[in-house]
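Coordinate inspection notes
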Amino acid sequence: QVHLVESGGGLVQAGGSLRLSCATSGTIFSINIMAWYRQAPGKQRELVAAITRGGIPTYADFVKGRFSISRDKAKNTVDLQMNSLKFEDTATYCCFSRDNSFREFWGQGTQVTVSS
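This write-up is about the structure you can find in this document. (Residues numbered from 1 in each chain as written. Predicted model: local features only at pLDDT ≥ 70, side-chain atom pairs only at ≥ 80, totals over all residues. Heavy atoms only, no water.)

**A closer look at the environment of Phe67**
Quick reminder of the rule: Strands are runs of DSSP state E lasting at least two residues, helices are runs of H or I lasting at least four, and both sets are numbered from the N terminus onward. Note on contacts: a residue pair qualifies if any of its non-hydrogen atoms lie within 4.5 Å across the two residues.
Assignment of secondary structure puts Phe67 in strand β7 (residues 67-72). Sequence separation between Phe67 and Ala49 is 18 residues, and the spatial gap between their C-alpha atoms is 8.2 Å. The contact partners of Phe67, leaving out residues within four places of it in the chain, are Arg38, Val48, Tyr59, Leu80, Gln81, Met82, Asn83, Leu85, Asp89 and Tyr93.

Structure (structure tokens):
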């Protein structure tokens, strides 16, 4: 079992930055991939960024060049640095992990609100 707890959301003006953090605990040695998803009201959940166990990141086109995902193995966290935020980035951001048995785990989410 993997437990995920997000932090770092909040209200920011367009053009500003926020850093989200996902604290992991439990059987973290079994995690193969970690990711950040987001869901805005009335919209489907979408993948924002992911990072493999080996540290290889991937990004959705709409955040390339603005967001950066990273893992801190010492702290057992996965962070999402969000720069040049836009109004359309407003959403609930959730941390996700999948282990080597393909079990999926989700955090509760953290709200990011970007004012225009």
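Alright, that's what it looks like, and here's the rest.
**Section: the state of the cysteines**
Condition: Throughout, disulfides are identified as pairs of cysteine sulfur atoms within 2.5 Å of each other. Type-normalised accessible area, obtained with a 1.4 Å probe on protein chains alone, sets the label of each residue: buried when under 20%, exposed when over 50%, and partly exposed for intermediate values.
Under the criterion given, the structure shown has one disulfide. Put simply, Cys22 and Cys95 are joined by a disulfide, and their sulfur atoms are 2.1 Å apart. Between Cys22 and Cys95 the disulfide shows an S-S torsion of about -90°. By sign, it is left-handed. Of this pair, Cys22 sits in strand β3 (residues 18-26) while Cys95 sits in strand β9 (residues 91-99), and the two are 73 residues apart along the sequence. A relative accessible area of 0% means that Cys22 is categorised as buried.

**Considering the pairing of strand β5 (residues 46-52)**
Cut-off, in case you're wondering: Strand pairing is assigned whenever DSSP identifies at least 2 bridges connecting the two strands.
The pairing of strand β4 (residues 31-39) with β5 spans six bridges and is antiparallel. Across the sheet, residue Met34 finds its bridge partner in β5, namely Ile51. Two successive antiparallel strands, β4 and β5, enclose a turn made up of six residues, where Gly42 displays a positive phi of approximately 80°. Where β5 meets strand β6 (residues 57-59), three bridges bridge the pair, whose relative direction is antiparallel. Note on β6: the bridge partner recorded for Ala49 is Tyr59. Where β5 folds back on β6, the antiparallel hairpin that results is connected by four residues, among which Gly55 adopts a positive phi of roughly 90°.

**Brief notes about the packing of aromatic side chains**
Our working rule: The pairing test for Phe, Tyr and Trp rings, Trp by its six-membered ring, is centres within 6.5 Å, and the orientation test on the planes gives stacked under 30 degrees, edge-to-face over 60, and tilted for anything in between.
Under the definition given, this model contains three aromatic pairs. For the ring pair Tyr37 and Phe96, a centre distance of 5.5 Å and an interplane angle of 70° mean the geometry is edge-to-face. Of this pair, Tyr37 sits in strand β4 while Phe96 sits in strand β9; the two residues are 59 residues apart in sequence, bridging distant segments of the chain. Note on accessibility: Tyr37 and Phe96 belong to one class, buried. Between Phe96 and Trp106 the ring centres are 4.8 Å apart and the planes differ by 55°, which places this aromatic pair in the tilted class. Separated by 10 residues along the polypeptide, Phe96 in strand β9 and Trp106 in strand β10 (residues 104-106) bring together distant segments of the chain. Taking relative accessible area as the criterion, Phe96 reaches 4% and is therefore assigned buried. Put simply, the rings of Tyr37, Phe96 and Trp106 pair up and form one aromatic cluster.

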